[in-house]
Amino acid sequence: MSLIEITEVRKSYGENEVLKGIDLDVAPGEVIAIIGKSGSGKSTLLRCINGLETINKGSISVAGAQLLDDEVHLKALRLKVGMIFQQFNLFPHLTVGGNVMLSQMVVKKTPKPEAETIARKMLERVGLAHKFDAYPDELSGGQQQRVAIARALAMQPIALLCDEITSALDPELVAEVLAVVRELAAEGMTLLMVTHEMKFARDVCSRVVFMHQGRVHEVGPPEEVFARPQTPELKQFLGLH
Amino acid sequence: MIEFTIWDILRNLLLATRWTIVLSFVSFLGGGIVGLGLLFLRISKRKSLRSLARYYIELFQGTPLLMQLFIAFFGLGLFGVDVPAWLAAGLALILWTAAFLGEIWRGCVEAVAKGQWEASASLGMGWLQQMRYVILPQAMKVAVPPTVGFSVQVIKGTALTSIIGFVELSKAGTVVTNATFQPFTVYGLVALIYFALCWPLSKSSQILERKLNVAHRNH
Amino acid sequence: MNYQFEFGWLLEYYPQIVKGIGITVQLIAVGAVAGISLGICCAWARALGPAWLKPVVAAYVELIRNTPFLIQLFFIFFGLPSLGLQLSELQAANIAMIVNLGAYSCEIIRAGIQATPRGQFEAGASLAMTRFETFRHVVLVPSLQRIWPALSSQVVIVMLGSAVVSQIAAEDLTFAANFIQSRTFRAFEAYIVSTIIYLVLAILLRQALAIVGGFIFPRRTAR
Ligand SMILES: Nc1ncnc2c1ncn2[C@@H]1O[C@H](COP(=O)(O)OP(=O)(O)OP(=O)(O)O)[C@@H](O)[C@H]1O
Ligand SMILES: [Mg+2]
């Protein structure tokens, strides 16, 4: 049974149709890499799954939670999927610990001591337990992104959406973030990630989705997609890399 | 004719300054509360509420404070009540202050990065939770310098209430001038007293602003 | 409320209103042109001028920005004659507005100058321009363009503030409203009408300033 079901999803900004009917089913534990040219709609797709954008047509459901445009359904959905952003988006006025605890306390009403225990555990997982009391601006980009991952994990989501989470990092910091993601994948977390790290996609992902002009143009296991691209668009795209 | 020493003049002016301070304080506080309401209307999800707040702000920012005072003074009188000057003064200044503070604060809320809204939404927070725990704490930090700066405008604004007969520093200046025939000295002193009230606020606003900018650059 | 609104007096008193509008417009036109010019000079003095001039200008700016316009007006109109400087109501009102806007625009324009990239000054210098020539030909216009919206808002604020010149019997729009209310006892209507006129004037003034801006800054320069 699929964990995430995306059916016939269309999304337009005004006249500009950005997603032109996306179908994608994701099984539990799958790690999916979404690749494609700039403007092909990769970010928009992830943002739709998290309800940050409202879709015009089609349906999205995550573990039976339907994406509907009201606060109750949105919240139910967002409790199941976490999202990591390119720009980290940590809360600058809170400490690292505060960042990881906040939503547990205000959304899930977890009591503070328990939230703190979970926060410490999650920070441990990303190797940053010692930064509990630091503020985001005292951390490197790689560390900030790992905190963002811990923050999402603390909500105990069943899937994570990652939108180019290493693109804003200096090259030497990319590895530490990817190592965390690799570990999550190994532990069986369902991951949907937009990435330009082709080597990582090849090593870690179970399937690769190539998007082109608002459509899923090619899907397959990485060995096939990278070794034997079927369409000229994908060939050209891979040639660029 | 009685001779007035400069101390006589100054004492009378300072006594009236109390009322300038009280009125400023009340206007700022009241304006802050109403302004907060306006802010929430201005950034609400309902378009009609947003427009309502926008028209309010345009009206109060687009007409002279003096006219607002006149209308409060004579308009309330239409209800058959005899309006004391202090009431009209307080009411008009509160409504006027609210328009400016509401607009200043909206700017501060909108200055919070879009990513903060998205990150908190993706963690499942509702609008009120986002506001309370993520957006407002950040907006408030940015809001302090311009808010302190605007308090100077409020103090200066209270001078206009002398025109509808509220006795504060400016009115006292006119009264004392008429008694002493020393307009140069009296209005000079009045100006200096206003300066003594306003300048520390202006200066702290500037210093806070600079601190904030330095903090931002280090981020 | 049993109050009957009554606007019949408009017919009889519209010449006063028109005259009042004329004076208000004249005051802000002169105030804006002369005040902004004064502001440019002061901004130059504060940002790039000789060391002795800076504190003088700073004192002027701080003094004006931290005292009410009403008191500035009274000081000029009632206070200065004791120094032998007799002014008509309109002259006093004009001077007060110029002095007031001069101080505010000085601060605004100075911020624009300070936002100029260092490279612009250096480029000017490398082309053998003096500091003043660089200011005049390279720095000034982009600086003004940068802060034009803020400056426009300030001009509107000063126009609305000019309502108090009626207190020294300068015959502006507010003076007309006061005059009408004293004759007709229709205070509420008189002030509502003049408030609406002020609102329209403010909107028109903002548009006029945007047009002037488009005229002075015909093309978008890099920030
Ligand atoms: N908020 C928006 N309003 C209008 N158009 C938008 C908006 N967000 C995205 N778009 C448009 O949607 C299209 C797809 O954008 P999207 O960000 O999904 O692309 P992407 O595949 O993530 O590209 P990149 O690799 O550059 O991140 C683009 O043409 C973009 O201009
Ligand atoms: Mg993208």
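Just above, that's the structure.
Attention in this report is confined to the structure presented alongside it.

Parameters and conventions
- Residues numbered from 1 in each chain as written.
- Chains lettered and ligands numbered in written order.
- Predicted model: local features only at pLDDT ≥ 70, side-chain atom pairs only at ≥ 80, totals over all residues.
- Heavy atoms only, no water.
- Buried < 20%, exposed > 50% of the residue type's maximum accessible area, 1.4 Å probe, protein only.
- Helix = DSSP H or I, 4+ residues; strand = E, 2+ residues; numbered from the N terminus.
- Pairing = 2+ DSSP bridges.
- Contact = heavy atoms within 4.5 Å.
- Salt bridge = Lys/Arg side-chain N within 4 Å of Asp/Glu carboxyl O.
- Polar contact = N/O pair within 3.5 Å; in protein donor to acceptor, adjacent residues only side chain to side chain.
- Nonpolar A, V, L, I, M, F, W, Y, C, P; charged D, E, K, R; others polar.
- Near = heavy atom within 4 Å.
- Areas by Shrake-Rupley, 256 points an atom, 1.4 Å probe, with all protein chains shown as cover.

**Thoughts on the pairing of strand β9 (residues 207–212) of chain A**
All names here are of chain A.
Here is step 1: The element β9 is extensively covered by neighbouring structure, given that five of its six residues are classed as buried.
Here is step 2: Sheet topology note: the strand β3 (residues 31–36)/β9 ladder contains five bridges and is parallel. Within the sheet, the bridge partner assigned to I32 lies in β9 and is R207.
Here is step 3: One ladder, built from five bridges, connects β9 with strand β10 (residues 215–220); its direction is antiparallel. Bridge pairing in β10 links M211 to V216.
Here is step 4: Hairpin connection of β9 to β10: two residues between the antiparallel strands, including Q213 at a positive phi of 50°.

**A look at the interface of chain C and chain B**
Here is step 1: Contacts between the two partners involve 36 residues from chain C and, on the opposite side, 35 residues from chain B.
Here is step 2: The interface formed by chain C and chain B includes zero salt bridges.
Here is step 3: Across the chain C-chain B interface, the total number found is four residue pairs in polar contact (both at pLDDT 80 or more).
Here is step 4: Among the secondary structure elements, those contributing two or more residues to the side of chain C that touches chain B are α2 (53–65), α3 (69–79), α7 (173–184) and α8 (187–216) of chain C.
Here is step 5: In terms of residue count, the dominant contributor to the side of chain C that touches chain B is α8(C) (nine residues).
Here is step 6: Considering only residue class, the side of chain C that touches chain B consists of 23 nonpolar, 11 polar and two charged.

**Quick look at the site of ligand 1**
All names here are of chain A.
Here is step 1: What surrounds ligand 1 is the set Y13, V18, K37, S38, G39, S40, G41, K42, S43, T44 and E164.
Here is step 2: K42 has a polar side-chain atom sitting 2.8 Å from an oxygen atom of ligand 1.
Here is step 3: Here E164 contributes a side-chain N or O atom positioned 3.2 Å from an oxygen atom of ligand 1.
Here is step 4: The fraction of the free accessible surface of ligand 1 (640 Å²) that becomes covered by protein chains is 59%.
Here is step 5: Per-element tally for the shell around ligand 1: the top contributor is helix α1 (residues 42–49), with three residues.

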